[in-house]
Amino acid sequence: GIIWYNLDFGFLMLSFLKKSNYILGLNARNLNFLQPSNSLRAIHIADNKLLTKKTLRKAGLPILQNFSVIRHIRELKLFDWAGLPNGFTLKPNRGLGGQGILVVYGRKKKFPHPWIKTDGRLVEIKDLENHILNILEGTFSLTNLPDTAFFEERIKLLKLFKPYVHRGIPDIRVIVYNSTPIMAELRLPTKESSGQANLHQGGIGVGIDLGTGITTTAIHKGRFIEYAPDTRLLLRGLQIPEWKEILKLSIQAQIASGLGFTGVDVAIDREKGPIILEINARPGLSIQNANLAPLADRLKRVAGLKIKSVQKGVKLAQELFGGEVEETLEEVSGKKV
């Protein structure tokens, strides 16, 4: 552990860049993996959150409960606001990159008093109505076409993660290909990201060793960081609970969706354990930076393999891609970690 803390991230990045031929870019991702592996039908399922939930529920996988769905303005006008719980998440059905998601943390008093967002600001009925109107008009949708809004139960924060996040709920993104988890990262909400675990909005990405489920390097807005913001809590060395179960669910979600190459987002609820949030037909590539490992190399190592069961996929991922950060450290320092 001492070696790790004293090593400069520059050494690690240098080792990472030596493997630059294997760093996956957008064009290579699209041509070599998305197009051959993801059918239009599977992409249609992934791009539709409500359809994704229906598909995952049919496969017996854990998902979040929906409170209500609003498809038209007339449904909005007749909506029973008193029926909403104290905490919930409001989402666009075809949203992109976390846009349009509104997370309500709770309320100080019963209805009709306003709710409280994750950033501490109050939310009244008129605010929710305006937000839903924007969703219905397609403001946040992939294609800017009219969309559907839905209310979903809010994940209960795991005590382990509470010191590391700003109000919101962290999630784990797992890249899955050919029924094998390839790479994973913990995504932490920050004050800057308004409680959302989205890296493009200012969240933190922390690489995870696939073999152990222990966090490694952390990245925020393109820069390596060691500690959670405004704390002295190290972001590396955190053991993700129920790690094998998370890998298993990721493979099962990939199979159920029909996507050959996907990013599966899993959160850990304090009471229910791991829950699948959504699946992504076009997962981002910054996960390579958080893991200091190129995706293309890993993808090629499992391409064409016959994975006979979910358990085999989990075992293969842990054996092939566990301990790679430690190997890089040993290569750079010449000492055993």
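Residues numbered from 1 in each chain as written. Predicted model: local features only at pLDDT ≥ 70, side-chain atom pairs only at ≥ 80, totals over all residues. Heavy atoms only, no water.

> Explain the pattern of salt bridges here, please?
When their charged atoms lie close together, side chains carrying opposite charge are able to pair. Applying the stated criterion across every chain yields a total of 9 salt bridges. Between D47 and R282 there is a salt bridge, with the nearest N and O atoms lying 2.8 Å from each other. With D47 in the loop between α4 (40-46) and α5 (49-58) and R282 in the loop between β13 (273-280) and α9 (287-291), this residue pair connects regions lying 235 residues apart in the sequence. According to the relative accessible area criterion, R282 is partly exposed, its value standing at 41%. The closest approach of N and O atoms between D265 and R187, which form a salt bridge, is 3.3 Å. A residue pair is termed long-range when its members are at least 10 positions apart, and D265 in strand β12 (residues 261-269) and R187 in strand β8 (residues 180-188) qualify at 78 residues. The class of R187 is buried, set by a relative accessible area of 9%. (Salt bridge = Lys/Arg side-chain N within 4 Å of Asp/Glu carboxyl O. Helix = DSSP H or I, 4+ residues; strand = E, 2+ residues; numbered from the N terminus. Buried < 20%, exposed > 50% of the residue type's maximum accessible area, 1.4 Å probe, protein only.)

> Help me understand the sheet that holds strand β4 (residues 115-117) in this model?
Hydrogen bonds along the backbone pair up the strands of a sheet, which may run parallel or antiparallel. Across the sheet, 6 strands lie side by side as β1-β6-β2-β3-β4-β5; this open sheet has antiparallel pairing. Edge strands, defined here as strands with exactly one partner in the open sheet, are β1 (66-70) and β5 (122-123). The pairing of β4 with β5 spans 2 bridges and is antiparallel. Bridge pairing in β5 places I116 opposite L122. Most of the contacts of helix α7 (residues 125-136) go to strand β2 (residues 88-92), to which it runs at about 30°, and overall it touches β1, β2, β3 (102-106), β4, β5 and β6 (149-152). (Pairing = 2+ DSSP bridges. Contact = heavy atoms within 4.5 Å. Axes fitted to C-alpha atoms, helices over the stretch in contact; angles between N-to-C directions.)

> Help me out: how do you make sense of the packing of helix α8 (residues 243-257) against helix α11 (residues 310-321) in this one?
Contact geometry of α8 with α11 gives a least axis separation of 9 Å together with a crossing angle of 120°. With respect to their mutual orientation, α8 and α11 come out oblique. Crossing geometry of α8 relative to α11 is assigned as right-handed. Counting all contacts with α8, which are made through W243, K244, L247, K248, I251, Q252 and I255, the residues of α11 involved are V310, G313, V314 and Q318. A per-class count over the contact of α8 with α11 returns 6 nonpolar, 3 polar and 2 charged. (Parallel < 35°, antiparallel > 145°, perpendicular 65-115°, else oblique. Left-handed = near helix turned anticlockwise from the far one by under 90°. Nonpolar A, V, L, I, M, F, W, Y, C, P; charged D, E, K, R; others polar.)

> Would you mind going over the packing of aromatic side chains with me for this structure?
Describing an aromatic ring pair means giving the distance of the ring centres and the angle of the ring planes. One pass over the full model with this rule turns up 8 aromatic pairs. Taking the centre distance of 4.7 Å and the plane angle of 70° together, the rings of F79 and W81 count as edge-to-face. By relative accessible area, W81 is classed as buried at 8%. Three or more aromatic residues joined by ring pairs make a cluster, and in this case those are F79, W81, F88, W115 and F151. (Phe/Tyr/Trp six-rings, centres within 6.5 Å; stacked < 30°, edge-to-face > 60°.)

> Please explain the packing of helix α10 (residues 295-302) against α11 as it appears in this structure.
For any two helices packed against each other, the geometry is given by the interaxial angle and the distance between the axes. In contact at an axis separation of 12 Å, α10 and α11 are set at 130° when each is read in the N-to-C sense. Classed by the angle they form, the pair α10 and α11 counts as oblique. For the pair α10 and α11, the crossing hand works out as right-handed. For the pair formed by α10 and α11, the contact residues are R298, R301 and V302 on the first element and L316, L320 and F321 on the second.

> Help me out: how do you make sense of the confidence of the model for the chain in this one?
Interpreting fine coordinate detail is not advised for predicted regions of low pLDDT. Averaged over every residue, the pLDDT of the chain is 87; the share at 70 or more is 89%. Across residues 1-7, confidence stays below pLDDT 50; counting only partners more than four residues off in sequence or on other chains, it has 14 contacts. (pLDDT = per-residue confidence, 0-100.)

> Help me understand the sheet that holds strand β9 (residues 204-208), please; the structure alone is not making it clear to me.
Strand order in this open sheet of 7 strands is β11-β10-β9-β8-β7-β12-β13, and the pairing throughout is antiparallel. Each edge of the sheet is formed by a strand with only one pairing partner; in this case those strands are β11 (223-225) and β13. On average, each strand axis in the sheet is inclined to that of its neighbour by 30°, with strand direction left out of account. Relative to β9, β8 runs antiparallel, the two sharing 4 bridges. Within β9, the residue paired with L186 across the bridge is V206. Helix α3 (residues 26-37) contacts β7 (171-177) and β12 of the sheet and is inclined by roughly 80° relative to β12. In the packing of α10 onto the sheet, contacts are made with β7, β8 and β12, and the angle to β8 comes to roughly 145°.

> How do you make sense of α11 when you look at a structure like this?
Since the α-helix advances by 3.6 residues per turn, residues separated by three or four positions end up pointing in the same direction. Compared with the 16 Å implied by 1.5 Å per residue over 12 residues, the 16 Å span of α11 between its first and last C-alpha is a close match. Phi for G323, located one or two positions after α11, is positive at around 75°. (Expected span 1.5 Å × (residues − 1).)

> Is there a simple way to explain the pairing of β3 in this structure?
Within a regular beta strand, the side chains point alternately toward one face of the sheet and then the other, so they alternate between its two faces. Of all 5 residues making up β3, 4 are buried, and the element is well covered by its neighbours. Judged from the 3 bridges that link them, β2 and β3 form a sheet pairing that is antiparallel. Bridge pairing links L90 to L102 in β3. As paired strands, β3 and β4 are joined by 2 bridges and run antiparallel to one another. Bridging from a neighbouring strand, G106 pairs with I116 of β4.

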